[in-house]
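Close look at the chain arrangement
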Amino acid sequence: MKKNKKILIFLIVMLAILIVSVIILLIVINEATYNPVGTVEPNAIVGYRGVIVKVNEDSLGFMTEAGEPFYLIYKEKLGTLSGTQTNIELKEGQHVIVAYSGHILNTEPKIIPDIGGIYIVSEKSDMKVPDNIYDLFKDYYTYNVKK
């Protein structure tokens, strides 16, 4: 009888672990489905959360939640998703998740040349962008996307 009780407890614990794992997976998948703006590379495997500092014609100035600046380069127009037009527009100050393949060019600021997608978390980020980050992106492109 004790053996059957141990097996039953083991099965209940395994079922509980499975249920918790599925719930966590669903939360992660739900978080990654925020308004995709553009998909360039289908193999995005990593991502950063942060704020858009500057929007250019084919690139973005971006600061992570840890305060690290990145320059993001697009191969397609902003606001397109797999060749179809969307009415989502990237704007300075938006809190976003940037997905990419993991390749980063070690420049100042660092450049991510293969964006897999940008997902808008909120229209207004609570992150404070320091003046030196604004200055860093000021000297790049002077042409901004029309808002």
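Preceding this paragraph is the structure being described.
Residues numbered from 1 in each chain as written. Predicted model: local features only at pLDDT ≥ 70, side-chain atom pairs only at ≥ 80, totals over all residues. Heavy atoms only, no water.

Points about the sheet that holds strand β6 (residues 95–100)
Across the sheet, six strands lie side by side as β7-β3-β2-β1-β6-β8; this open sheet has mixed pairing. This sheet does not close on itself; its edge strands, each paired only once, are β7 (110–112) and β8 (115–122). Put simply, the sheet's adjacent strands are angled 40° from each other on average, direction ignored. (Pairing = 2+ DSSP bridges. Helix = DSSP H or I, 4+ residues; strand = E, 2+ residues; numbered from the N terminus. Axes fitted to C-alpha atoms, helices over the stretch in contact; angles between N-to-C directions.)

Considering the pairing of strand β2 (residues 59–64)
Burial analysis of β2 places six of its six residues in the buried class, which makes it a mostly covered element. Here strand β1 (residues 46–55) pairs with β2 via five bridges, running antiparallel. Paired with Ile 52 across the strands is Phe 62, a residue of β2. Counting the residues in the hairpin turn of β1 and β2 gives three residues. Between the end of β2 and the start of strand β3 (residues 69–73), which pair antiparallel, lie four residues, with Gly 67 showing a positive phi angle near 90°. (Buried < 20%, exposed > 50% of the residue type's maximum accessible area, 1.4 Å probe, protein only.)

Some words on the packing of aromatic side chains
Aromatic ring pairs are described here by two measures, namely the spacing of the ring centres and the angle between the planes. Tallied over the full model, the rule gives two aromatic pairs. Judged by centre distance (5.7 Å) and plane angle (15°), the rings of Tyr 48 and Tyr 100 are stacked. Here Tyr 100 lies in strand β6 and Tyr 48 lies in strand β1, a separation of 52 residues in the sequence. For Tyr 100, a relative accessible area of 5% translates into the label buried. (Phe/Tyr/Trp six-rings, centres within 6.5 Å; stacked < 30°, edge-to-face > 60°.)

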